[in-house]
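What follows is each chain in one-letter form.
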Amino acid sequence: LSILVTGAAGFVGSNFVRALISQGLEVIGVDNLSLGKKSNLDAVIDSKAFMFEELDLSDFLAVEAFFETIGRDRKVDEIWHFAANSDIQNGVADWNVDFNDTFLTTFNLVQCAERLSIARFFFSSSSAVYGDHGYEQLHEGSGPLLPISNYGAMKLASEAVIAAASEKFLSAAVIFRFPNVIGLPATHGVIFDLIQRLKGNRSELHVLGNGTQQKIYLHVDDLISAMLFVSEHSHNKLEVFNIGPEDDGVSVSFIASEVVSVVAPTASIVFGCQNKGWIGDVPRFRFRIDKLKNLGWSANASSSAAIRKAVREIAGASGMDNG
Ligand SMILES: NC(=O)c1ccc[n+]([C@@H]2O[C@H](COP(=O)([O-])OP(=O)(O)OC[C@H]3O[C@@H](n4cnc5c(N)ncnc54)[C@H](O)[C@@H]3O)[C@@H](O)[C@H]2O)c1
């Protein structure tokens with residue numbers, strides 16, 4: 001099998017590429033390196049089975065030319081599309097960010113996939129497509145889907161384009177709705193952000209929001225295992241899967257105290273006043289994963305276990321794990 005992975009230099013993409021290469025698959029990784037780093041691919045960059053291309057997937061002509069080139073000497077079997085803007089706040093500040101990096105990247109890829117008859121398309125969508133449903137436990141059919149961020153809006157638009165493509169030419173289209181995913185190499189996210197804050201001030205940790213926001217968290221190792229499991233076991237033309245641990249999530253104050261206990265045990269934690277960290281932040285979120293469970297997969301780590309593991313990993317990688 002030959003597999004095209006977009007966003008390959010990012011957090012999830014680089015973990016996924018490593019997993020594919022270790023299974024002996026041939027991988028083409030694409031990234032414009034706007035958020036990802038080439039060094040995230042150090043473990044595979046010299047492998048004969050891996051090829052990397054720096055490319056802006058929002059530029060249709062560039063994507064078209066790239067597909068023409070790769071189509072000449074190989075048959076690509078699958079596309080795993082992870083490239084996107086992953087910084088929700090950036091997309092709140094500038095309307096164009098999610099349109100270009102999340103929606104257009106998908107729109108361009110789908111069109112080029114059709115030209116090369118690449119019939120299997122896997123997409124990293126997000127719990128953000130649901131919008132704010134309070135503490136309702138959401139399943140894949142829940143709605144109305146009314147995202148509260150451009151990020152979520154452009155993920156939802158991407159899902160819609162993939163659904164339309166599955167009607168036209170895809171034989172397998174899988175839309176994964178991720179919760180917050182954590183682990184290394186962290187490029188963003190709550191743990192990374194809290195550790196960065198403590199780097200600047202070791203005695204006080206200022207937290208966005210009042211700490212009560214409660215969400216589920218998935219360790220990246222579990223995410224990769226779930227996606228590979230689905231690609232093997234799901235045989236429908238178009239599928240949507242929530243991926244997550246089966247619990248009610250943990251609060252930001254739990255995460256803040258885990259970070260403080262590992263990084264700076266004497267620091268005090270100062271909370272903000274609102275129940276949201278920023279515009280576009282869904283304050284409480286959990287979803288059902290029955291569909292994935294019925295297929296035969298469940299997560300190894302609960303939200304709290306995933307947080308504990310990732311705090312230690314990220315603190316270790318930033319040299320901040322010794323108080
Ligand atoms: N990490 C999470 O918690 C989470 C949650 C829900 C969904 N997701 C989705 O999973 C995917 C991977 O997220 P991540 O956490 O690894 O983020 P990331 O920022 O580490 O990776 C995304 C990668 O896409 C690349 N990219 C962005 N715009 C591009 C463009 N125009 N052309 C080519 N490459 C481009 C970036 O350089 C980056 O390497 C994203 O689609 C994200 O929206 C992530």
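Keep in mind that this is a model prediction, so the values were computed, not measured.

## A short note on the environment of Arg 202
Counting through the fold element by element, Arg 202 comes out in the loop between helix H6 (190–200) and strand E8 (204–207). Each C-alpha atom of the pair Arg 202 and Ala 264 lies 6.2 Å from the other, and the pair is 62 residues apart in sequence.

## Points about the site of the ligand
Taken together, 32 residues lie around the ligand, and Val 12, Asp 31, Ser 86, Tyr 151 and Lys 155 are the ones closest in. Within the backbone of Leu 57, a nitrogen or oxygen atom sits 2.9 Å from a nitrogen atom of the ligand. Taking Ser 124, its side chain carries an N or O atom lying 3.0 Å from an oxygen atom of the ligand. Calculation on the ligand without its partners gives an accessible area of 810 Å², and the protein chains cover 97% of this total. Secondary-structure elements contributing two or more residues to the shell around the ligand are helix H1 (11–22), helix H4 (95–115), strand E5 (120–126), helix H5 (150–168) and strand E7 (180–182). No other element matches the 3 residues that E5 contributes to the shell around the ligand.

## Let's talk about the nonpolar core
Core analysis: the biggest nonpolar cluster contains 37 residues, and Val 5, Phe 176, Met 227 and Ile 243 have the highest contact counts within it. Of all the elements in the fold, those that place two or more residues in this core are strand E1 (2–6), H1, strand E3 (50–54), strand E6 (172–178) and helix H7 (220–233). If near-sequence neighbours (up to four positions away) are discounted, Ile 243 is found in contact with Phe 176, Arg 177, Phe 178, Pro 179, Leu 218, Leu 223, Ala 226, Met 227, Phe 287, Ile 289, Leu 292 and Trp 297. Counting residues in each nonpolar core, the second largest holds 30 residues, with Leu 55, Ile 79, Phe 103 and Met 154 among its members.

## A look at the packing of aromatic side chains
Taken as a whole and judged by the stated rule, the model has 12 aromatic pairs. Judged by centre distance (6.0 Å) and plane angle (25 degrees), the rings of Phe 99 and Phe 103 are stacked. Of the two residues, Phe 99 and Phe 103 are both situated in helix H4; the distance of 4 residues between them amounts to about one turn of the helix. Members of the aromatic cluster, each reached through a chain of ring pairs, are Phe 16, Trp 80, Phe 82, Phe 122 and Phe 176. Just above the ring of Tyr 130 sits the side chain of Arg 177; from NZ or CZ to the centre is 4.9 Å. Over the aromatic face of Phe 241 sits the side chain of Lys 291, whose NZ or CZ is 4.7 Å from the ring centroid.

## Describing the sheet that holds E6
In space, the 7 strands of this open sheet follow the order E3-E2-E1-E4-E5-E6-E11, with parallel pairing throughout. The open sheet has two edge strands, E3 and strand E11 (238–242), and neither has a second partner. Across the sheet, the axes of successive neighbouring strands diverge by a mean angle of 15 degrees, strand direction being ignored. For E1 and strand E4 (residues 78–81), the ladder comprises 4 bridges, and the chain directions are parallel. Counted as the bridge partner of Leu 4 is Ile 79 from E4. Against the sheet, H4 touches E1, E4 and E5, its axis set at about 180 degrees to E4.

## Thoughts on the pairing of E6
Burial runs high along E6: 7 of the 7 residues are buried. Of the pairings in the sheet, the one linking E5 to E6 comprises 7 bridges and is parallel in character. Bridging from a neighbouring strand, Ser 124 pairs with Phe 176 of E6. Handedness of the E5-H5-E6 crossover: right-handed.

Definitions and cut-offs
- Residues numbered from 1 in each chain as written.
- Predicted model: local features only at pLDDT ≥ 70, side-chain atom pairs only at ≥ 80, totals over all residues.
- Heavy atoms only, no water.
- Helix = DSSP H or I, 4+ residues; strand = E, 2+ residues; numbered from the N terminus.
- Near = heavy atom within 4 Å.
- Polar contact = N/O pair within 3.5 Å; in protein donor to acceptor, adjacent residues only side chain to side chain.
- Areas by Shrake-Rupley, 256 points an atom, 1.4 Å probe, with all protein chains shown as cover.
- Core = buried A, V, L, I, M, F, W, Y, C linked by side-chain atoms within 4.5 Å.
- Buried < 20%, exposed > 50% of the residue type's maximum accessible area, 1.4 Å probe, protein only.
- Contact = heavy atoms within 4.5 Å.
- Phe/Tyr/Trp six-rings, centres within 6.5 Å; stacked < 30°, edge-to-face > 60°.
- Lys NZ or Arg CZ within 6 Å of the ring centre and 35° of its normal.
- Pairing = 2+ DSSP bridges.
- Axes fitted to C-alpha atoms, helices over the stretch in contact; angles between N-to-C directions.
- Right-handed = clockwise from strand over helix to strand, strands pointing away.

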